[in-house]
Amino acid sequence: MKAYVFPGQGAQFVGMGKDLYENNAEIREMFEKANEILGFRITDLMFEGTEEDLRQTKVTQPAIFLHSVALAKSLGDEFKPDMVAGHSLGEFSALVASGALSFEEGLKLVSKRAHAMQKACEKQPSTMAAVLALPDEKVEEICAGIDEVVAPANYNCPGQVVISGSIEGIDKACEQLLAAGAKRALKLKVGGAFHSPLMQPAQEELTEAIEAAKFETPKCPVYQNVDGKPHTDPEEIKSNLIKQLTGAVRWTQDVEAMIADGADEFIELGPGNVLQGLVKKINKSVATSGKQ
């Protein structure tokens, strides 16, 4: 069975989507529609911008979403997913690709999410750190014992958890995690504490937009980040999407659940190949490939 997976922030590169735009009239129309909806020419930044341009959250998130959704569309009738999932932002790409959300609605939500997250980041200095070679339970226990905001944010694969929180909280956690035997506890170059309680203001802003958006039953199960389980009910999907901003991305659980449900081939649609690498670390026996 085929599982299509969609990447999140960090996979962007200059030139992304350019071939699709130049060689497919339907996708060119879709990209122009995106320029119109966003109110600026995101295609110019994607094709000829600088890496700095693409690093701005308000550009990064719609750019990755646009590229991923266009790749799914470019497959035409070949795109027959048995299940889909996306990492953080990628969940929006997965929802559009599976028919749960229209392209226009998805793009508007992604743009709103990016702006809301940017504002939340500016409200309080915060950051994230990658923790390597400690059991998930140990990372959770250390985070819970710190008197600052700090929490696991991404369960990427066994032995790789990203934590998120206030700068002081992350500093304290990194010190204790290294003392507990982590191979590394490395602060990331990010603008804020994504997937932590510090994203509460962004969650409040996005809730209204998600509630107002029209969600349909997807054509296959969508494995969502907050619980690592398959969903097809539009109301459940909405609720989980709202929780996703302050909740952890349970990617390990998503992939394990898809494999348990019969997935033996994972195809990554979007820039980069990060998810293929994580899938292989979760289970070496499944096939992985990608299109970017």
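Structure's up top.
So, a few notes on the structure that sits alongside this text. (Residues numbered from 1 in each chain as written. Predicted model: local features only at pLDDT ≥ 70, side-chain atom pairs only at ≥ 80, totals over all residues. Heavy atoms only, no water.)

### Let's talk about the sheet that holds strand E3 (residues 126–132)
- Pairing is antiparallel in the open sheet, where 4 strands are placed in the order E4-E5-E3-E6. Each of the sheet's edge strands pairs with one partner strand only, and the pair in question is strand E4 (150–157) and strand E6 (184–187). The mean inter-strand angle of the sheet, taken between neighbouring strand axes irrespective of direction, is 25°.
- Looking at chain direction, E3 and strand E5 (residues 160–166) are connected through 7 bridges and run antiparallel. Bridge pairing in E5 links Thr 127 to Gly 165.
- Against the sheet, helix H8 (residues 136–144) touches E3, E4 and E5, its axis set at about 165° to E4. (Pairing = 2+ DSSP bridges. Helix = DSSP H or I, 4+ residues; strand = E, 2+ residues; numbered from the N terminus. Axes fitted to C-alpha atoms, helices over the stretch in contact; angles between N-to-C directions. Contact = heavy atoms within 4.5 Å.)

### Focus: the sheet that holds strand E10 (residues 287–291)
- Spatially, the 6 strands line up as an open sheet ordered E8-E7-E2-E1-E9-E10, and their pairing is mixed. Two strands close off the open sheet at either side, each with one partner strand: strand E8 (230–231) and E10.
- Taken together, the 2 bridges between strand E7 (residues 222–223) and E8 define a ladder with antiparallel strand orientation. The residue bridging Tyr 223 from the neighbouring strand is Pro 230, located in E8.

### Notes on the pairing of E3
- Counted residue by residue, E3 has 6 buried out of 7 residues, so it is predominantly covered.
- Both E3 and E6 contribute to a ladder of 4 bridges, which runs antiparallel. Each residue of the ladder has a partner; that of Leu 132, found in E6, is Arg 184. (Buried < 20%, exposed > 50% of the residue type's maximum accessible area, 1.4 Å probe, protein only.)

### Points about the side chain of His 67
- Relative to the helices and strands, His 67 resides in helix H5 (residues 57–74).
- Note on His 67: relative accessible area 0%, which makes it buried.

### Things to note about helix H12 (residues 251–260)
- Looking at H12, one finds that the buried residues are Trp 251, Thr 252, Asp 254, Val 255, Ala 257 and Met 258.
- The secondary structure elements touched by the buried residues of H12 are strand E1 (2–6), strand E2 (83–86), E4, E7, strand E9 (265–269) and helix H13 (274–282).
- Of the residues flanking the end of H12, it is Gly 262, one or two places downstream, whose phi is positive at about 110°.

### Here's the deal with the nonpolar core
- Among the nonpolar cores identified, the biggest contains 62 residues, and Phe 6, Phe 103, Phe 215 and Leu 269 are the most heavily contacted of them.
- Broken down by element, this core gets its largest block of residues, 9 residues, from H5. (Core = buried A, V, L, I, M, F, W, Y, C linked by side-chain atoms within 4.5 Å.)

### Here we look at the pattern of salt bridges
- As enumerated under the stated definition, the model contains 11 salt bridges in all.
- A salt bridge links Asp 44 to Arg 41; its shortest N-O distance comes to 3.5 Å.
- Through salt bridges with shared partners, one network takes in Glu 32, Arg 41 and Asp 44. (Salt bridge = Lys/Arg side-chain N within 4 Å of Asp/Glu carboxyl O.)

### Considering the packing of aromatic side chains
- Here the structure, examined in full by the defined rule, presents 5 aromatic pairs.
- With centroids separated by 6.1 Å and ring planes inclined at 10°, the aromatic side chains of Phe 65 and Phe 103 adopt a geometry described as stacked. Of this pair, Phe 65 sits in helix H5 while Phe 103 is found in helix H7 (residues 103–123), placing the two residues 38 residues apart along the sequence. As far as burial versus exposure is concerned, Phe 65 and Phe 103 are alike and both buried.
- Through successive ring pairs, a cluster of aromatic residues spans Tyr 21, Phe 31 and Phe 47. (Phe/Tyr/Trp six-rings, centres within 6.5 Å; stacked < 30°, edge-to-face > 60°.)

### Considering the packing of H5 against H7
- Running from amino to carboxyl end, H5 crosses H7 at an angle of 155°, the nearest separation of the two axes being 8 Å. As far as their axial angle goes, H7 and H5 are roughly antiparallel. Taken as a pair, H5 and H7 cross one another with a handedness that is right-handed. Across the interface between the two elements, Thr 57, Lys 58, Gln 61, Pro 62, Phe 65, Leu 66 and Val 69 from H5 touch Phe 103, Gly 106, Leu 107, Val 110, Arg 113, Ala 114, His 115, Met 117 and Gln 118 from H7.
- In terms of residue class, the contact of H5 with H7 is made up of 9 nonpolar, 5 polar and 2 charged. (Parallel < 35°, antiparallel > 145°, perpendicular 65-115°, else oblique. Left-handed = near helix turned anticlockwise from the far one by under 90°. Nonpolar A, V, L, I, M, F, W, Y, C, P; charged D, E, K, R; others polar.)

### Focus: unusual backbone geometry
- Of note, Ala 133 is a non-glycine position whose phi angle comes to about 70°, a positive value.
- Note that Ala 133 resides in the loop between E3 and H8.
- Residue classification places Ala 133 among the partly exposed positions, given a relative accessible area of 43%.
- Notably, His 195 is not glycine yet its phi reads approximately 55°, a positive angle.
- On the secondary structure map, His 195 appears in the loop between E6 and helix H10 (200–212).
- The class of His 195 is buried, set by a relative accessible area of 4%.

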